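# Architecture at a glance
Here are the chains, one letter per residue:
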Amino acid sequence: MSSKNLVHHKVRIEMLKVSLVEFEKHMPDYLALLNATRKLGHSVESAIADLIDNGLDAGASDVHVYFTEEERTEKQVRNDGRSIQSISIVDNGSGMNKFQLHKALIPASTGRVRNTKTQSGFFGMGLLASGLSLGNHIDVYTRGEDGDLYSYIDWDEKVKHSLHADNHVNSSRLCTSNESNKLSNYLGANESGTMIVISKLKTEPGKALDMIRKVRHHLATVFYNKRDSINLYTHGLDNQFKCSKVIWYDYLEAGDARETSEIFEYSITKDANGNKCNEKVTLQMSWIHQSNKNREFTKLQRPSDAMQGGLLVRNDRGLAKGAMLGIYEKTPINNPFRWVLKYEGGILDDYVFDMNVQKDDCVILHKELKNWIKGKLSDFQSAHQSEEDRKSTRLN
């Protein structure tokens, strides 16, 4: 390289250094971004469902959720109840390579190529946001194309080392032999998979049984449409449940309900840019009985304000359970009224359905579709409200 070219080369390097410094100045504060991510407002059950999504999107057919109980004396249990000290989610998916593991612990990032028409994830925040909403420490063990890998993130460490230049970096490494053995114990005969262990929990103490019940009920409902391709299990306080395998729950209770409607279909022929498309949204409604012997959890699954309303199903994954989606307000007389909207992700995301990050509420942006849904719900609702009114009059 000539002396002139060498000078130009050095100048370019210096300019690049200055550009990087300026770039860093305008980047959002890492700790503030991480703190906002961990406080998005996930419930325990929705956070665990989000973590399960990651495994299913990686091709898992079996997912196990382990609740490790705190060691307490009988007296402590009587006085304060049972508490959980860690939650582990283990799947038999394809695992992560080095790049995917690195990206998994960065806010709003993913190392996978998403298929929005088939997969559940679409925010890139599942592991970090959901994991840190449950506890301040996440360990990740994964077996994939790059072998057995380990990484972790600890919120308390991030706060303590907030002034360190590399505080935003989460290092990954090969598993130790003990860690690989631990992974093998959980994965069994599976050649690949991932284990996420969340500790330093922020869950309510003394409420272990209630928490596991809510988790099982939520998983049974939101993954119901995937029941032919996956198996879900919970482990912890096992003697309180019929079996460790999650017992699927049909939100509409079709077959057991007082009435289940036919499936109505609405066609959307233009995308957000006005181009032709052939997308469909389906709607089905039901009016359920007050009691049903097939419910695993009587209180959680009976007609109630929390379970009244809609379930939005995107790519066979239930979202926004019990949400009104801006259609109408909840009233006690409508507690038995439920409805399910189904659509395929991709074209209709953000154009027709604007889902929040927690996946517990959604805004329908398409005016004509919203009015169509209102009309169908109103007709079905009115018929059964009249019947309920007549029954109430006879009882009085």
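A brief look at the structure comes next. Since this is a predicted model, take the numbers as computed values, not measurements. (Residues numbered from 1 in each chain as written. Predicted model: local features only at pLDDT ≥ 70, side-chain atom pairs only at ≥ 80, totals over all residues. Heavy atoms only, no water.)

Assigned secondary structure in the protein consists of 11 helices and 15 strands. Per-residue burial for the protein yields a buried fraction of 48% across its 396 residues. Within the protein, counting contacts between residues at least 6 apart in sequence, those at least 24 apart form 71% of the total. By element, 48% of the accessible surface of the protein is carried by carbon and sulfur atoms, the whole surface being about 20,300 Å². (Helix = DSSP H or I, 4+ residues; strand = E, 2+ residues; numbered from the N terminus. Buried < 20%, exposed > 50% of the residue type's maximum accessible area, 1.4 Å probe, protein only. Contact = heavy atoms within 4.5 Å. Areas by Shrake-Rupley, 256 points an atom, 1.4 Å probe, with all protein chains shown as cover.)

So, about helix H2 (residues 30-38). Along H2, the positions that sit buried rather than exposed are Tyr30, Leu31, Leu34, Thr37 and Arg38. In an axial view of H2, the angular spread of the buried residues amounts to 120°, which keeps them on one side of the axis. Those residues of H2 that are buried lie in contact with helix H6 (126-134), strand E3 (135-144), strand E4 (147-154) and helix H7 (155-160). (Arc of directions from axis to C-beta.)

All right, on to the side chain of Asn334 then. With respect to the helices and strands, the residue Asn334 is situated in the loop between strand E12 (317-323) and strand E13 (337-343). Classification of Asn334 by relative accessible area gives buried; the value is 2%.

Right, let's get into the nonpolar core. The biggest cluster of nonpolar side chains holds 54 residues, and the ones touching the most others in it are Ile48, Ile52, Phe67 and Phe223. If we ignore the near neighbours within four places in the chain, the residues touching Phe67 are Ile48, Ile84, Ser86, Ile87, Met211, Ile212, Val215, Thr234, His235 and Gly236. With 31 residues, the next largest nonpolar core counts Phe264, Val281, Ala323 and Tyr343 among its residues. (Core = buried A, V, L, I, M, F, W, Y, C linked by side-chain atoms within 4.5 Å.)

With that settled, consider the pattern of salt bridges. Across all of its chains, the model carries 15 salt bridges by this definition. For Arg317, the salt bridge identified is with Asp53, shortest N-O distance 2.9 Å. Taken together, the residues span a long stretch of sequence, with Arg317 in strand E12 and Asp53 in helix H3 (residues 44-57) at a distance of 264 residues. Here Arg317 and Asp53 have matching classes, each one buried. For Glu265, the salt bridge is made with Lys280, and the minimal N-O distance between the two is 3.5 Å. (Salt bridge = Lys/Arg side-chain N within 4 Å of Asp/Glu carboxyl O.)

The N-to-C vectors of H3 and helix H9 (residues 208-222) enclose an angle of 50°; their axes lie 9 Å apart at closest approach. Comparing the axis directions of H3 and H9 gives the class oblique. Handedness of the crossing formed by H3 with H9: right-handed. Across the interface between the two elements, Val44, Glu45, Ser46, Ile48, Ala49 and Ile52 from H3 touch Met211, Lys214, Val215, His218, Leu219 and Val222 from H9. For the contact of H3 with H9, the per-class residue count stands at 8 nonpolar, 2 polar and 2 charged. (Axes fitted to C-alpha atoms, helices over the stretch in contact; angles between N-to-C directions. Parallel < 35°, antiparallel > 145°, perpendicular 65-115°, else oblique. Left-handed = near helix turned anticlockwise from the far one by under 90°. Nonpolar A, V, L, I, M, F, W, Y, C, P; charged D, E, K, R; others polar.)

What follows concerns the pairing of strand E6 (residues 193-201). Working note: regular strand, side chains alternate between the two faces of the sheet. A large share of E6 lies buried, amounting to 8 of its 9 residues. Inspection of the sheet shows strand E2 (residues 84-91) paired to E6 by 5 bridges, in the antiparallel sense. Across the sheet, Ser88 pairs through a bridge with Val197, a residue of E6. Pairing between E3 and E6: 8 bridges, direction antiparallel. Looking at the pairing, Gly135 lines up with Leu201 of E6. (Pairing = 2+ DSSP bridges.)

Counted according to the given criterion, the structure contains 10 aromatic pairs. Ring geometry for Phe241 and Phe297: centres 6.2 Å apart, planes at 80°, overall edge-to-face. Residue Phe241 is found in the loop between strand E7 (231-235) and strand E8 (259-260), and its partner Phe297 is found in the loop between strand E10 (276-287) and helix H10 (298-301); the two are separated by 56 residues along the sequence. Neither Phe241 nor Phe297 differs from the other in exposure class; each is buried. Plain terms: the ring middles of Phe337 and Phe380 are 5.8 Å apart, the flat faces sit at 25° to each other, and that makes the pair stacked. Of the two residues, Phe337 is situated in strand E13 and Phe380 in helix H11 (residues 367-395); the sequence distance between them amounts to 43 residues. Among the aromatic residues, those joined into a cluster by ring pairs are Trp287, Tyr328, Phe337, Trp339 and Phe380. When the ring centre of Phe241 is taken as origin, the NZ or CZ atom of Arg216, which lies over that ring, is 4.9 Å away. (Phe/Tyr/Trp six-rings, centres within 6.5 Å; stacked < 30°, edge-to-face > 60°. Lys NZ or Arg CZ within 6 Å of the ring centre and 35° of its normal.)

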